[in-house]
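Fold and contact review
Okay, here's what each chain looks like letter by letter:
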Amino acid sequence: MDSATKDEMQPSLPPGPEWPEQERAERLARGAALKWASGIFYRPEQLARLGQYRSREVQRTCSLEARIKSVVQSYLEGVKTGVWQLAQASEAVQGAREALGQAHRLLQGAAEATQTLRPLREQVVQHKQLQVLSQLLPRLWAVPAAVAHARSLIDARQLLEAYVCLRELEQLQEETWAPLGGLELAVFEGLGPLAEALGQAVEAAAGAAGRLAREDPAQLVAAVRVAEVDAGYTASLELAPRGWRQRCLQALQQGLDRTHFGTPLLPEPGALAGWLEALRVALPAELAIAEALVAPCCPPHYKVVQLWAHTLHSGLRRCLQQLLGGPELGAADAFTLLHWALHVYLGPEMMGSLELGPEADVSQLEPLLTPENIEQLEATFVAQIQANVAQWLQKALDGEVAEWNREQEPGTDSSGFYHSPMPAIVLQILEENIRVSSLVSESLQQRVQGMALSELGTFLRSFSDALIRFSRDHARGEAMPPHYVPYLLATLNHQSALSSSVSVLQPDGAASGALAPVETALDELQRRICRLVLEALLAELQPLFAALPSRRWLSSPELLDDVCERTARFCQDFRRVRNPAAQLLLAEAERTVVLQYLRALMQGRLVCRGADERTQAAERLQQDAAQLRELFLGLGLEESVQCAPVLLALRDLLNLRDPMLLGLEVAGLRQKFPDVSEDHVSALLDLRGDVSREQRLAALSSLQVGPQPSPSAGRRALFSLVPAPAPALSSCLPSGPCA
């Protein structure tokens, strides 16, 4: 049988869907066959076996076709079996559908039959309700009377009996509610208002718990028992819970808050201290009543003492917040509130009392004042105290200034020193405010200490300005105080007193530089007072130094005798100044006299005519130096701090016989007094009267050569404070400052 006949005998299969995987498999198979064929028949000798390969492939193809036919036949048999089973299932479903239709028609018929029984059912229900009503009718007739009786019990504050009556009425309502199918009878309409009236009575009793615990504890116990029993009662009617327990607790808190912190009880400005004192007495008493009387009347889970403590604390805290939100408090009220809130309230007299048991749980209380409240009160207190302190200090200064023009000398203490209560008053004002602030808190103390230092600095500047005005009026002749210098010396004692006691204002633990501005102001005040005293001394001495040096000065000590006499008389009141200010003033006075002496020498009023006059001038300098030394030693000034030895150095310069050695003497003078200048040396050489131009230049050149003296090694400044007349250009060095 040829292949064409076989193809005709094959069953024709419907064309299947074109699958991409099938096409891909065919392409791969064809490619593999081509590859195999090209490999097999690549060589010519293998073409002879082409017939064998063809017959082998035909056999393989027939075998595959037979297997495929077998698989397809098995598949077709399975499909035939499935079609038969589906036909059987369809017949069974049709039978079930017909049976269900018959059952549905039967049910519809039964429902129509039950509709005819509905009037009978309603008659049965009504019969049962009438039967129940007939049985309960006597009790229902008594409901209005029972309601009225319950109201009378409530009015008589017999709360337990009223609650029992209410429960009986509610029980009767429940008994009628279920049989009547939830029908509400008009006879029970008064139960709702009755229950509300009883709840209000319970609230009223709880709100007056403190008074009732003292006067009628049975009524308080009855109210609490009613609230507790009702909290455990579950009604069968669909009614909202009454929540009498919560209302009772709220009434306890509201009554307590209303008693102590009602809005009309807020203190008026200035009455805060009395209000807080009343609370200091009332709140512990209230807690004691709660612990001793109210707590036994309530269940333990009420935690009455804790409730009392927290309610009182919350009410007080709210009241204080309202107070701080109103008009600004005064300094006294701010201080009182801070001290009371931070110390008294938490102290042993109130919330920190040992008699207050742990059940109060005061450790969980919020701070009575927030940090913002404390900051506000401290700022208010410090600002107002600062204004008061400034006013008090100004009054103290005005009183002191008013005494400067008195006819009497300044007062003295038991030791004979000038004395005034002003420094003590100033320091007492500041120290007292610091001490008082330390009773509140460390932060307030630090604020007040800073304020005190600031106000003291302002006071010292005002004091200094007052001294300037006092001196200016005296200099202009507008005011001629009879004791100008003694009052200046008295102010120096004031400065010393303030300086020695200002350390009491030092903040504890503060940096050492906290007092630096005040100490600087005190030092400046001391320098100003000394300058004013020395200006008064200069006013007396300048006319005397106008005649020095002169021929009369060379031959007689009368000029310096007058200077020493005037100086001794001026400085005799220095003994009324306390050390070390007295020593400082004496040193400055001695330095002032020496400077005036040097200023007079530098004016060029005298030129020695020969060696005899130079010798006289040298001797006069030596005698004057000794006289000044003895004068100030007698006044109490130590010799080591005196400036008069500079006259001895000038004596050596004048007493030098050989002018050629002037360079050495000038260099020695420069080593002792580094601030000496060419102008000063030239003025001294002019006083000698025997120095040529070459010798002068040689002497001045010694200032430029040699080791320069260290400023720290020299004495106090003298020559730099003495102006010297500008020398002629011929006497200047080419490199000097006057060249």
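Because the structure is predicted, anything quoted here is derived from the model rather than measured. The numbering scheme is per chain: residues are counted from 1 as the chain's sequence reads. It should be noted that, the model being predicted, local features are given only for residues of pLDDT at least 70 and side-chain atom pairs only at 80 or more, the latter also being counted only at that level, while totals for whole chains, interfaces and linings use all residues. To get the side-chain values, take all heavy atoms of the structure and skip hydrogens and water.

Quick word on the overall build of the protein chain
- Strands are runs of DSSP state E lasting at least two residues, helices are runs of H or I lasting at least four, and both sets are numbered from the N terminus onward. When helices and strands are counted, the protein chain shows 26 helices and zero strands.
- Burial here depends on accessible area, computed with a 1.4 Å probe over protein chains only, as a share of the maximum for the residue type. Under 20% is buried, over 50% is exposed, and the range in between is partly exposed. Scored against the burial criterion, the 739 residues of the protein chain give a buried share of 40%.
- Relative to all contacts within the protein chain whose residues are 6 or more apart in sequence, the contacts with residues 24 or more apart total 77%. Note on contacts: a residue pair qualifies if any of its non-hydrogen atoms lie within 4.5 Å across the two residues.

With respect to helix α21 (residues 581-601)
- Multiplying one less than the number of residues by 1.5 Å gives the expected span of a helix. Here α21 contains 21 residues, and its C-alpha end-to-end distance of 30 Å stays within 8% of the 30 Å for a straight helix at 1.5 Å per residue.
- In terms of burial, α21 is largely enclosed, as 18 of its 21 residues are buried.

Describing the side chain of S437
- Note that S437 resides in helix α15 (residues 422-438).
- Note on S437: relative accessible area 0%, which makes it buried.
- When sequence neighbours within four positions are dropped, the list of residues in contact with S437 reads L444, Q445 and V448.

Looking at the nonpolar core
- The criterion is simple. A nonpolar core is a set of buried Ala, Val, Leu, Ile, Met, Phe, Trp, Tyr and Cys residues joined through side-chain atoms within 4.5 Å. By size, the foremost hydrophobic cluster in this structure holds 195 residues, and its most contacted members are W308, L316 and W553.
- The greatest single-element share of this core, amounting to 14 residues, is contributed by helix α18 (residues 516-545).
- Apart from the residues lying within four places of it in its own chain, the contact partners of L316 are F261, W275, L279, L283, W340, Y345 and L368.

Quick notes on unusual backbone geometry
- The step from L548 to P549 runs through a cis peptide bond, and the omega angle for that step is -5 degrees.
- With respect to the helices and strands, P549 occurs in the loop between α18 and α19 (551-555).
- In this model, N579 is joined to P580 through a cis peptide bond whose omega is 5 degrees.
- As for its placement among the helices and strands, P580 is situated in the loop between α20 (558-571) and α21.
- Although it is not a glycine, R157 sits at a positive phi angle of roughly 60 degrees.
- With respect to the helices and strands, the residue R157 is situated in the loop between α5 (143-155) and α6 (159-177).
- On the basis of relative accessible area, R157 is assigned to the partly exposed category, the value being 42%.
- Notably, K303 is not glycine yet its phi reads approximately 50 degrees, a positive angle.
- Relative to the elements of secondary structure, K303 occurs in the loop between α11 (272-294) and α12 (304-324).

Some words on helix α16 (residues 442-476)
- Relative to the 51 Å expected for 35 residues at 1.5 Å per residue, α16 spans 51 Å between its end C-alpha atoms, a close match to the ideal helical length.
- Just downstream of α16 lies G477, where phi reads positive at about 80 degrees.

With respect to the packing of aromatic side chains
- Within 6.5 Å between ring centres, the rings of Phe, Tyr and Trp (the latter by its six-membered ring) count as paired, and their orientation is classed by plane angle as stacked under 30 degrees, edge-to-face over 60, tilted in between. According to the stated counting rule, one finds 11 aromatic pairs in the structure shown.
- Taken together, a centroid distance of 6.5 Å and an interplanar angle of 70 degrees make the contact between W553 and Y597 edge-to-face. With a gap of 44 residues between them, W553 in helix α19 and Y597 in helix α21 connect regions that are remote in the sequence. A single burial state applies to W553 and to Y597, both of which are buried.
- Joined through ring pairs, the aromatic side chains of W404, F459, F463, F470 and Y484 make up one cluster.

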